Amino acid sequence: MFDMHRLVHVATRVWVQKENAKNHINTSAIRHLAYIFPDDKKENRMLWREYMPHAQHALQASQECQDEERFELLYWVGRCLDRDRRWKEAIIALEEVCQWYTQHRSEEDGRRLLAEHTLGSAYLDDQRTQEAITILEHVVSVRKKTLADGNENLLASEHELASAYVEEGRVGEAISLFEHIVAIIEKTLAEDDDSRLTSLEELARAYLNHNQATKAIALLEPAIVIRRRTLAEDDYDRLRVEHNLGSAYLEDKRTKEAITLLEHVVDIEEKVLAVDDPERLESERLLARAYSQDNRIDEAIRLSEDVVAFRRALDICDKRRLASEHDLASYYIDAGRIKEAIVILEHVTVEKELDISDEERLVSEELLAEAYVKDRQFGKAIILYERVVAISKALDTRDEGRRISEHNLADAYIRNGRIEEAIVLLEHVVAVEKELDMSDEESLISRKRLAQAYVKDWQFGKAIVLLRHVIAVERKLDLSDEMSQRAQELLTKAYVRCMRRRSRAIRRTRCRSWLLWRKRSSRVF
């Protein structure tokens, strides 16, 4: 320093003065923007979009600044970016805010908890579910220590956490939490309050993910009436409710209503959402499922191919992409395009690194096994079916899904000529159904398949006993003539083969007797 030339000292002083002036200007700009920058209410959308470039430029130019005003501005920038569905940018801003609060505020500080809550919500919007759960569980835990049970901030964090549980497949926990929230807010908030409606809508979504479509519809139909009265046609919240109601109609087999509603949603989302927006792609996937359920397979395939193409372009291997590829493969199978289905499903089940116990993964493996059967690749089908059944046994499930898997495995055994293994498996299924005291109607399919295996194994007596019982039950339940006719045809086949077998046995016995007589006669002579 002391050896510097006099001119260098002068230049240094000028530079310092300029830098100080620059820092002062940046700080002043930050404080002014922090004061005027709007919150993220819907009515402020045009205003924050106008201020956003200026705020981002000021924040970029003041990275060395550690004043609280800078991070207050950064917080609202992050929230508004999240509202505009610019989730990755929002997360970058909110992570910086949370890092600053972690260094400068205690764990129980209200502003710090609010920032962490907002970051968890952004993680959830960006489908980073596990990170969302981690941070939201922390926020809920801390707020429970300092806030009353019905506090607005605590309820908001519990709401976000329950939504994250739904995305993670922890639906039971989500329903319990949402029902707790709804029980509180129904006593305190008006019928058309946005927070109340949002919680009811999310509870309906949890019910839907728990195969309780009727309960979901009962909540969503009144909600959509209020949303249509209070929100614009292209409002994200209204579109979300219409999407969920369409999904509920689809699960409840109200296919025509689902198609009408989902076509409307897709039409609006095409105008207001980006072509690769996750919510738009999910609505299109649901509409394709509705078309398939309505036997409009070609339309389902065209729409589903677009969804899969866009999701692959995003280069994200998540459950939504898995579900889209699974759906497309099932449509290909329905259309008889088995080879194309196999290509997709082999990619889904072999190359994707998802937990083998993951429910969607198992469903895709079973669909691939079905495609192998249709393509007469019985060996490959059996390997997959055996793995699915083994996992079901390890989970100790005795539900309809496991029974269907065991039926499919038995069918594959029969088609591959492994009749004895099919019989062992089906006898086990029938025994379990008896143990569970299932009704005659529920156990008909298992008994029919076992009878079919007995016929192929030449155990006609056992087959006839089973088929007589099946036909008697079908008549008692007044089931369709087609079903009764199939059982009757199989019984007739069993009788005919049994008589042929007896005839052959009688002929063989007579032949042996005659040969023995000839042998004895030759000895006499």
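Residues numbered from 1 in each chain as written. Predicted model: local features only at pLDDT ≥ 70, side-chain atom pairs only at ≥ 80, totals over all residues. Heavy atoms only, no water.

**Quick word on the overall build of the chain**
When its secondary structure is counted, the chain shows 23 helices and zero strands. The 525 residues of the chain split such that 46% are buried. Considering only contacts within the chain whose residues lie at least 6 apart along the sequence, 56% involve residues at least 24 apart. (Helix = DSSP H or I, 4+ residues; strand = E, 2+ residues; numbered from the N terminus. Buried < 20%, exposed > 50% of the residue type's maximum accessible area, 1.4 Å probe, protein only. Contact = heavy atoms within 4.5 Å.)

**Focus on unusual backbone geometry**
Backbone geometry places asparagine 211, a non-glycine residue, at a positive phi of 60 degrees. You can see asparagine 211 is positioned in the loop between α9 (194-209) and α10 (213-230). One non-glycine residue with positive phi stands out, namely lysine 253, at about 65 degrees. As for its placement among the helices and strands, lysine 253 is situated in the loop between α11 (236-251) and α12 (255-272).

**Some words on the packing of α11 against helix α13 (residues 278-293)**
As a packed pair, α11 and α13 sit with axes 10 Å apart at the nearest point and diverge in direction by 25 degrees. In terms of orientation, α11 lies roughly parallel with respect to α13. Here α11 and α13 pass one another in a crossing that is left-handed. On the side of α11, the interface is formed by His243, Ser247, Leu250 and Glu251, while α13 contributes Glu282, Ser283, Leu286, Arg289, Ala290 and Gln293. Split into classes, the residues belonging to the contact of α11 with α13 amount to three nonpolar, four polar and three charged. (Axes fitted to C-alpha atoms, helices over the stretch in contact; angles between N-to-C directions. Parallel < 35°, antiparallel > 145°, perpendicular 65-115°, else oblique. Left-handed = near helix turned anticlockwise from the far one by under 90°. Nonpolar A, V, L, I, M, F, W, Y, C, P; charged D, E, K, R; others polar.)

**Considerations on helix α6 (residues 129-146)**
Every α-helix carries 3.6 residues per turn, so stepping three or four residues along brings you back to the same face. Along its 18 residues, α6 runs 26 Å from first to last C-alpha, staying within 8% of the 26 Å computed at 1.5 Å per residue. Buried residues of α6: Thr129, Ala132, Ile133, Ile135, Leu136, Val139, Val140, Val142 and Arg143, and no others. Considering only its buried residues, α6 is in contact with α5 (110-125) and α7 (152-168). (Expected span 1.5 Å × (residues − 1).)

**Quick notes on the nonpolar core**
Core analysis: the largest hydrophobic core is formed by 125 residues, its most contacted members being Phe37, Leu73 and Val77. The element that contributes the greatest number of residues to this core is helix α8 (residues 171-188), accounting for nine residues. Sequence-distant contacts of valine 77, defined by excluding residues within four places in its chain, comprise Phe37, Met52, Ala55, Gln56 and Leu59. (Core = buried A, V, L, I, M, F, W, Y, C linked by side-chain atoms within 4.5 Å.)

**Details of the pattern of salt bridges**
Enumeration over the complete set of coordinates arrives at 48 salt bridges. Put simply, glutamate 167 and arginine 205 hold a salt bridge, and the shortest N to O gap is 2.6 Å. Residue glutamate 167 is located in helix α7, and its partner arginine 205 is located in helix α9; the two are separated by 38 residues in the primary sequence. Exposure remark for arginine 205: the relative accessible area of 14% places this residue in the buried category. Residue aspartate 194 is joined to arginine 227 by a salt bridge in which the shortest nitrogen-to-oxygen separation is 2.8 Å. Taken together, the positions of aspartate 194 in helix α9 and arginine 227 in helix α10 put the pair 33 residues apart, joining distant regions of the chain. Aspartate 194 gets classed as partly exposed once you look at its relative accessible area, which sits at 39%. One network of salt bridges, with partners in common, ties together Lys42, Asp194, Glu201, Arg227, Asp235, Asp237 and Arg240. (Salt bridge = Lys/Arg side-chain N within 4 Å of Asp/Glu carboxyl O.)

**Remarks on the confidence of the model for the chain**
Chain-level statistics for the chain give a pLDDT mean of 83 and a share of 80% at 70 or above. Averaged pLDDT values over the elements of the chain bottom out at 62 in helix α23 (residues 481-524) and peak at 95 in α12. (pLDDT = per-residue confidence, 0-100.)

**Considerations on the environment of threonine 214**
When you line up the elements, threonine 214 lands in helix α10. A relative accessible area of 58% places threonine 214 in the exposed class. When the C-alpha atoms of threonine 214 and alanine 204 are compared, they prove to be 9.4 Å apart, with ten residues separating the residues in sequence.

**Quick word on the packing of aromatic side chains**
Applying the stated rule across the entire model yields four aromatic pairs. On the numbers, 6.5 Å between centres and 40 degrees between planes, the contact of phenylalanine 37 with tyrosine 51 is tilted. Taken together, the residues span a long stretch of sequence, with phenylalanine 37 in the loop between α1 (6-36) and α2 (45-61) and tyrosine 51 in helix α2 at a distance of 14 residues. Arranged with centres 5.1 Å apart and planes meeting at 75 degrees, the rings of tyrosine 75 and tryptophan 76 form a pair that is edge-to-face. Taken together through their ring pairs, the aromatic side chains of Phe71, Trp100 and Tyr101 make up a single cluster. Note that arginine 70 overlies the ring of phenylalanine 71, its terminal NZ or CZ placed 5.3 Å from the centroid. Over the ring of tyrosine 75 we find arginine 111, and its NZ or CZ is 5.4 Å from the ring centre. (Phe/Tyr/Trp six-rings, centres within 6.5 Å; stacked < 30°, edge-to-face > 60°. Lys NZ or Arg CZ within 6 Å of the ring centre and 35° of its normal.)

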